[in-house]
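Residues per chain are reported as follows:
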Amino acid sequence: MNHSQKSAIYLVIAFLPLQVFAQEEPNLEYDLTYGISAVGLSGLYVGQEDEVFAVPLLVVTTGNWTFNLTEGVSYQVFDNGASRLSAGLSYAVPEDVPNTALYEGWTREAAVSANLNVQHDFGVFDVAANIATELTNEHGGTSGALSVGRGFVLGNVIVEGRYGAQYLDSASANYLYGVKSSESTAARSTYDVSDSWSAYTEVSLTVPLNEQTAMSGFLRHDNLSDAISRSPLVAENERTFVGLSIVRRF
C-alpha cells in the first residue's frame, strides 16, 4: 500500500473505535475491530489518474497497545478522558507513480517512522498534534500535523469536522516530491523541496448500525503548499480523499 493509500485508509479507521464504541468498557483481553473500506483519491502526480480501491481494515487492541494493519503499532501512554498521549511506529510505502519516462530512475523505498500523538478536548473543540521522525535512513526527515476539530451527534449520526495543517521538513518533502541532482534527466530537472505546511479539511459521518457495527463516510481535501505543487513531478496543487467503510467490533 503506497503512502497516499495508507493515509486515506488511516482516515477511515482512525477514530471509529473511539467515537462509535466508546460507550463500551470491554473486559476482554483484546479488542478486535475489522471491516472493509472503499476509497477514492484524486491523482496528484503528473500522469497519475484518480483511483478507487477496496482495502480490508483490521485493528487489534490489547491493554494500552494497538496494532493497526494499515498504520503500524502504538502505545497509549496517557488518557484521562480529556487528554491523550500515544507513541508508536508507523510504516509507509512510496507513491505508486505512473510507468513513464518522467519517473524512470526515480525510486523510493519503504520507510518506518517513530511518532508521538497528543490530543486535548476543551469541550467545545479539541486540538490534536503529532510529530514523526523517519528511522530507516530512507530520508531521515521529520513530519507532523496540527489540527482543530469539533464533533457532535445529530440524531444517531456522529459528525466530526477538522481543520489543520500538515508539516513536512525538506527531507520528508523531497522523499515524496523532490528530484535529487543524481536523479535529474532530460524529462525532469533537479528540484529541492523546502520545508512546507499544507492546509487540509476533514469531514466524517459515522452511523452506528448496532452495538458492534458502524458505517462511516469521510472526505478530506488537501491544499498543497507552493513548494510541493511546483515540483516537476506534481500536476496539481490540491488532492481529495473520499471513502465509505463498514466496521464491526468484537
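Conventions used here
Residues numbered from 1 in each chain as written. Predicted model: local features only at pLDDT ≥ 70, side-chain atom pairs only at ≥ 80, totals over all residues. Heavy atoms only, no water. Helix = DSSP H or I, 4+ residues; strand = E, 2+ residues; numbered from the N terminus. Buried < 20%, exposed > 50% of the residue type's maximum accessible area, 1.4 Å probe, protein only. Contact = heavy atoms within 4.5 Å. Areas by Shrake-Rupley, 256 points an atom, 1.4 Å probe, with all protein chains shown as cover. Core = buried A, V, L, I, M, F, W, Y, C linked by side-chain atoms within 4.5 Å.

### A look at the overall build of the protein chain
Turning to step 1, where the next piece is worked out: Each helix and strand counted, the protein chain has 4 helices and 12 strands in total.
Turning to step 2, where the next piece is worked out: Taking all 250 residues of the protein chain together, the buried fraction comes to 42%.
Turning to step 3, where the next piece is worked out: Taking contacts inside the protein chain between residues at least 6 apart in sequence as the whole, the part at least 24 apart equals 59%.
Turning to step 4, where the next piece is worked out: Carbon and sulfur atoms provide 58% of the accessible area of the protein chain, an area that totals close to 12,700 Å².

### A look at the side chain of S229
Turning to step 1, where the next piece is worked out: By the secondary structure assignment, S229 is in helix α4 (residues 226-229).
Turning to step 2, where the next piece is worked out: Accessibility expressed as a relative area gives 19% for S229, which makes it buried.
Turning to step 3, where the next piece is worked out: Dropping the residues within four chain positions of it, S229 is found in contact with V234, E236 and N237.

### Description of the nonpolar core
Turning to step 1, where the next piece is worked out: Of all hydrophobic cores here, the largest spans 20 residues; its most connected members are Y45, Y103, W106, Y177, V193, I228 and L233.
Turning to step 2, where the next piece is worked out: Of all elements in the fold, only α3 (170-177) and α4 reach the threshold of two or more residues within this core.
Turning to step 3, where the next piece is worked out: Per element, the largest residue contribution to this core is 4 residues, and it comes from α3.
Turning to step 4, where the next piece is worked out: Sequence-distant contacts of V193, that is, excluding residues within four places in its chain, are made with S170, A173, N174, Y177, G178, A227 and I228.
Turning to step 5, where the next piece is worked out: Of all hydrophobic cores here, the second largest spans 6 residues; its members include V39, L41, F218 and F241.

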